[in-house]
Structure formats: structure tokens, C-alpha cells
Amino acid sequence: MPKQKYIKPIIIRHASAGMANKFGRPLTAIPTQRIEGIQIQELAANYGSPLFVLSVRELRQRYRELHRAFANRYPNFQIAYSYKTNYLKSVCSILHQEGAWAEVVSGFEYDIARDLGMPGNQIIFNGPYKKRDELKRAFIDGAIVNIDNYDELNVIESLADELGKTLEIGVRLNMNLNNPPWYKFGFNVESGQAYDVVRRAQSSGKVKVVGLHIHAGTYIDDLTIYQKAAAGILQFYQSIRNQLGVTLKYWDLGGGFASRNTLHWAYLPGEQTCPSYSQYADAISSTLMSIGLPPNEMPRLFIEPGRALVDEPFSLITKVVAEKRLPSGQRAVILDAGMNILSSVQWYKYGIQTVQDSGTMVEDTVLYGGLCMNIDVLNANVSLPQVRFGEYLLIPHVGAYNLSQSWQFIFLKPAVIAIEDGEVKVIKRAETREIVQAAEELPDDFRF
Amino acid sequence: MYEFKNELTMSKSGFLFDHSSGQTYTLNPTGKLIFEKMQEGLDDEAILSTLIEEFEVEAHIARRDLEDFIRQLKEMGVI
Ligand SMILES: Cc1ncc(COP(=O)(O)O)c(C=O)c1O
């Protein structure tokens, strides 16, 4: 008689006496064996673990859906991808293949876009700290520059003198839209500061205001915030148009659209609360369209999505490196991936999927990252079947911010691969010690 | 030989009921088998050989899991 498949013995005490038992197959116990048709175990064997995996199909699809949602509702629409969310060259380049422009917030990001071949006039340059020489280059290239503060306006006016021409700028606005409001950036509308800066800019003759920009926050799943932002920008435009004679070439509603991840403090899972692209597009464009201009006179509408495009197409493969039981009786599992490569774990309660069949009976488990640091917790409480040493888990929807914010700390950063049409391509090799130490010097005096 | 603290009844599906406290538990098939062998009065070594006979498992893994399981039973106050 063949032997039975072995599963680690477990006993679970029900939370309250007589509570219904936990049979039925919870989601984490349904193994996800493949990504884009390729065995996860095979990917980890070939490229190592942990491993970031991009589904190129999904990235393209998300771009196309987002573009369609807005373009169907607004005549003159353009996506500028927020580089900071994930500036791997391949990610930016695939999005540019699909038609995205670039939204950058530093000279470093600007250089990445230019190096990929993006023309300056398809780059939006934002952010509170742009250096003089970076601004100069941006204006020479014809980039779109949204200003953040008066000091920057002074620099730009002096550049106008230096370059001998009137420079076109956009003005970043902030308004009381959410709690807490994002007052760090741009000029406040309610206090009259924004009106003043437009008046001052127009009167100097050195610059010309041609755009308005607002980015109200990130992971905004409340559609009314976009309605209020659009209404606010529309009303502000009407006042500077009527009183200061400003004609806008564009208005830029920023990014902030949510992905289907779940925030720690959320009551319902992100899958249920995240608005669709069409709902976001409706909230913004129905308000802006009410300005009632003929379509050819409508300012171009930009949005600057990051998270909503790149979060979901990426997953992280990670391996169980140890199991233990805590004094509380709770099971703990230690993974080879930590918060050094998953910084968004501060905000997200990431979903976890099993890769092998580890049985149907789940147990509340704390998932620790592999860093020798007490705060490295990837999920404080997830119902997991009896995964074992050496088995893989999959963490979906990890593409936003984690790669650009990952720290080189204790461990080397893992490789990133992209899969399209069944073909695997390495888009970032795993870090080596040589790469980490390349900029270091050890002066002879310090040798032993 | 293990001593059980209270009178316990196990269902075919692995549902365990403690008559005096009203507390209920669920055991998976491996856990249920071990539990039954303990009730039959088998010691650790005998339980271990049953596991190795019936399941596709290496001895060192089965031993570690058995120890872990028994510790859990103690922590939960079952034995
Ligand atoms: C100016 C600006 N635009 C766009 C984004 C992208 O935001 P998200 O990833 O939430 O879409 C950010 C992010 O903070 C930003 O600061």
C-alpha cells in the first residue's frame, strides 16, 4: 500500500468554546504554482530567492486600461508615469513603449528618462528640490516644469534672463482635500498664496504660467478627493483666467490612485475597496469637462500614476528558512525576504500565497523577514497552512516603491526578472558585494 | 504514556471536544493519528514508527514535528 502524503501534525484551539471548526479551504491554502505559466520553483532554482518577478503582460494591460478609461472621457489626455515608484529601466521603457510620458522629481530621475531616449518635452519635472543646473537643462530641453516654491521661482526668473527668453511654467497647488492635507508641496489655494504666485509670475514678464498641478496624496481610495481636487483646480483656473488672463496648456491631477493591496488599518481588503480606473476617470473628467470649453480648447489633462500601474504586475518569490513557535503558542515562519526589500510593509498587510500544496488546515502565523532586527515583520498574523523549511511563498502586488526604496542592509538585493510570452528576461541582476562596495575606499593608513 | 487532563472526544473529522471545559480543537489527519496513538497508550518511539510506516516522511522530520506537537498539547493544557 502506498504511503500517504505527509503533512506536519497540528492542533488548533478554537478561539471560543464551541466555535465552528475551520474546515474549507482558505485562500492561502490554494497553491499558486506558476507565474505567467512558468513554475515558481523553477524560477527560484534558476534565478535565486528572493526574486522579484514582473508580468509584462499585466503591466501593459494595466497601462492600456488606465489610458482607455481617461481617454474615453476626456479629449486631450496623457499619462506621465511617476518614475519614483519604480525606476527600473525596463519598467519605464515598457511604459514608454505603451505611450507614457515621464514624471520625475530629481535630476537623477530626469537623467534616467533622457538616457532611455525620452525627449525633454515628454518629461514632467516636479518636486520641491530641483537644482539650478537641472532646471536650466530642463528648460533647454523643453521639459514641463511645475514649480513648488518662491525660491524656485526666483531661480527660474534668473534663468529666463540667462537664456534670454520667457520660460513657461506650471504651478503646483495644494488644497485642504484630505486628512492630513498635503501642504508640503506647492502653493496653498485657500489662503490666496497660489493666486499671488501666479500674479507675481505673470507680472515679471520672465515666466508665463501655462499649467496647474496638484497631487493630493498616495493610495487615495476616496473618489470624492479627486472630485474636490478637480473642482478646486477648475475654480482656480476660472479665477486666474478671468482676472489675470492666464490660458492653460495643461492641468495635471497627479497620481495617488490605489492598488488592490490592503492597508494595515483598512477594515475591508483592498480588492473590495480599490476603485476602478473608470471610477477615477469619471470623478476627475466629469468635473473638468464642466468648464464647457470646446474640445480643442480644453487644456491637456495629465495624470501621474505610479502605484496603480506597477504594484500589481510584480510578485516576490520568497523561501521559508525557519519555523518556530513563540511563547504565546503562535507559529512563526522566517523568510529569506525582509523589509529591506519590502519597505511598503509599513503600509500594507500583504497577501501571502503558498506555492506547494501544504494541506488545507491553516494556522495563524507570524511571518518574519530574515533581517537580524526585531522590527522585521512581514505579516503579524496570516492564516497559513503548514509550510515548511525550504518551501516557497509568493507575495503578490509588490511593484510600487519597494524596488526604488529598498535598502542595501545586511543582505544583498535580489534579482528582478520579467516574463513575457513565456520568455524570462533578467532586468536586474542580483547585487554582489563588489557592487555594494564599489564606491568605497580603504586608505592605507586604516589597513591592519 | 501521556495523561490527558480531561475527558475528551474526537470525531472522525478531527474535531476534538473537551467535556469539562467545553473547549474545542481541530486536528489535521496527522495530528489526529498521533493523538489516537497517545490515547492507545503508545510511547513516543512507537508513535514515531507508526508515522514513518504510514506516511512518506523522513525520521528526523517526523521526530521534530512530533516533539513540536506534544509541546503544543502541553501548552494548550490537553496533556
Ligand atoms: C508629484 C507626484 N506625482 C505622482 C506620484 C505618484 O503617486 P502614486 O504612486 O500614489 O500614484 C507622486 C508620489 O508621491 C508624486 O509625489
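For the structure, see preceding data.
Residues numbered from 1 in each chain as written. Chains lettered and ligands numbered in written order. Predicted model: local features only at pLDDT ≥ 70, side-chain atom pairs only at ≥ 80, totals over all residues. Heavy atoms only, no water.

Participant: Before we move on, could you go through the sheet that holds strand β2 (residues 15-18) of chain B and cite the residues and values that matter?
Facilitator: Strand order in this open sheet of four strands is β2(A)-β3(B)-β2(B)-β1(B), and the pairing throughout is antiparallel. A strand with exactly one partner marks an edge of an open sheet, and here the two such strands are β2 (11-13) of chain A together with β1 (8-10) of chain B. Adjacent strand axes in the sheet meet at a mean angle of 20 degrees when their direction is disregarded. As paired strands, β2 of chain A and strand β3 (residues 24-27) of chain B are joined by three bridges and run antiparallel to one another. Paired with R13 of chain A across the strands is Y25 of chain B, a residue of β3 of chain B. Strand contacts of helix α1 (residues 29-39) of chain B: β1, β2 and β3 of chain B, with the helix running at about 135 degrees to β1 of chain B, the strand carrying the most contacts. (Pairing = 2+ DSSP bridges. Helix = DSSP H or I, 4+ residues; strand = E, 2+ residues; numbered from the N terminus. Axes fitted to C-alpha atoms, helices over the stretch in contact; angles between N-to-C directions. Contact = heavy atoms within 4.5 Å.)

Participant: I'd like a description of the packing of aromatic side chains, backed by residues and values.
Facilitator: All names here are of chain A. For the structure on display, the rule yields 19 aromatic pairs over all chains. The interplanar angle of 85 degrees and the centroid separation of 6.4 Å between the aromatic rings of W265 and W347 together place this pair among those described as edge-to-face. Here W347 lies in the loop between β16 (331-335) and β17 (353-354) and W265 lies in the loop between β13 (250-252) and α9 (270-273), a separation of 82 residues in the sequence. Residue classification places W265 among the exposed residues on the basis of a relative accessible area of 59%. Aromatic ring contacts, followed pair by pair, group F70, F77, Y226, F257 and Y280 into a single cluster. (Phe/Tyr/Trp six-rings, centres within 6.5 Å; stacked < 30°, edge-to-face > 60°. Buried < 20%, exposed > 50% of the residue type's maximum accessible area, 1.4 Å probe, protein only.)

Participant: Talk me through helix α2 (residues 56-71) of chain A; I want residue IDs and the actual numbers.
Facilitator: For α2 of chain A, with 16 residues, the first-to-last C-alpha span of 22 Å sits near the 22 Å given by 1.5 Å per residue. Among the residues of α2 of chain A, those classed as buried are V56, L59, R60, R62, Y63, L66, A69 and F70 of chain A. (Expected span 1.5 Å × (residues − 1).)

Participant: Outline unusual backbone geometry, listing residues and values.
Facilitator: Residues and elements named next belong to chain A. Of note, the amide linkage connecting S49 to P50 takes the cis form, showing an omega dihedral of 0 degrees. Assignment of secondary structure puts P50 in the loop between α1 (40-47) and β5 (51-55). Here N179 and P180 are connected by a cis peptide whose omega angle stands at -5 degrees. The phi dihedral of E36 falls on the positive side, at around 50 degrees, and the residue is not glycine.

Participant: If you had to explain the interface of chain B and chain A to someone new, which residues and values would you point to?
Facilitator: With 29 residues of chain B in contact, the opposing surface of chain A contributes 25 residues. Buried surface at the junction of chain B and chain A, both sides included, amounts to about 2500 Å², of which 53% is carbon and sulfur. On the surface where chain B and chain A come into contact, there are five salt bridges. The residue R64 of chain B makes a salt bridge to E323 of chain A at a minimum N-O spacing of 3.2 Å. Counting across the interface, chain B meets chain A through eleven residue pairs in polar contact (both at pLDDT 80 or more). (Buried area = accessible area lost by both parts, 1.4 Å probe. Salt bridge = Lys/Arg side-chain N within 4 Å of Asp/Glu carboxyl O. Polar contact = N/O pair within 3.5 Å; in protein donor to acceptor, adjacent residues only side chain to side chain.)

Participant: Go over the site of the ligand with me, naming the residues and quoting the values.
Facilitator: Residue and element names in this part refer to chain A. Close contacts around the ligand come from 17 residues, with T218, G256, E304, R307 and Y401 the closest. Between the ligand and E304, the relevant distance is 2.6 Å, taken from a nitrogen atom to a side-chain nitrogen or oxygen of the residue. For the ligand, an oxygen atom lies 2.8 Å from a polar atom in the backbone of R307. Contact with the protein chains removes 94% of the 400 Å² of surface that the ligand exposes when unbound. The class makeup of the residues in the shell around the ligand is three nonpolar, nine polar and five charged. (Near = heavy atom within 4 Å. Areas by Shrake-Rupley, 256 points an atom, 1.4 Å probe, with all protein chains shown as cover. Nonpolar A, V, L, I, M, F, W, Y, C, P; charged D, E, K, R; others polar.)

Participant: Quick one: what's the story with the nonpolar core, residue by residue and with numbers?
Facilitator: Of all hydrophobic cores here, the largest spans 114 residues; its most connected members are F70, W251 and L253 of chain A. Here the element with the most residues in this core is helix α8 (residues 223-244) of chain A; it accounts for nine residues. Setting aside its immediate chain neighbours within four residues, W251 of chain A contacts Y74, L212, I233, L234, Y237, L288, I291, M298, P299, R300, L301 and F302 of chain A. Counting 25 residues, the second-largest nonpolar core is a separate cluster that includes M10, L16, Y25 and L27 of chain B. (Core = buried A, V, L, I, M, F, W, Y, C linked by side-chain atoms within 4.5 Å.)

Participant: I'd like to hear about the packing of α1 of chain B against helix α3 (residues 59-75) of chain B, residue by residue, with values.
Facilitator: Residues and elements named next belong to chain B. Contact pair α1 / α3: the axes reach a minimum separation of 11 Å and the direction vectors enclose 70 degrees. Looking at the two axes, α1 sits roughly perpendicular to α3. Along the contact surface, α1 presents G31, I34, F35 and M38, while α3 presents L66, F69 and L73. In terms of residue class, the contact of α1 with α3 is built from six nonpolar, one polar and no charged. (Parallel < 35°, antiparallel > 145°, perpendicular 65-115°, else oblique.)

Participant: Describe the pattern of salt bridges, listing the residues and the values that go with them.
Facilitator: Residues and elements named next belong to chain A. Inspection of the entire model under this criterion finds 33 salt bridges over all chains. For K136, the salt bridge identified is with E162, shortest N-O distance 2.6 Å. Of this pair, K136 sits in helix α5 (residues 132-141) while E162 sits in helix α6 (residues 150-163), and the two are 26 residues apart along the sequence. Relative accessible area serves as the criterion here: at 28%, K136 is assigned to the partly exposed category. For R137, the salt bridge goes to D141, with nearest N and O atoms at 4.0 Å. With R137 and D141 both in helix α5 and four residues apart, this pair spans about one turn of that helix. Overall, the relative accessible area of 35% leaves R137 in the partly exposed class. Taking relative accessible area as the criterion, D141 reaches 21% and is therefore assigned partly exposed.

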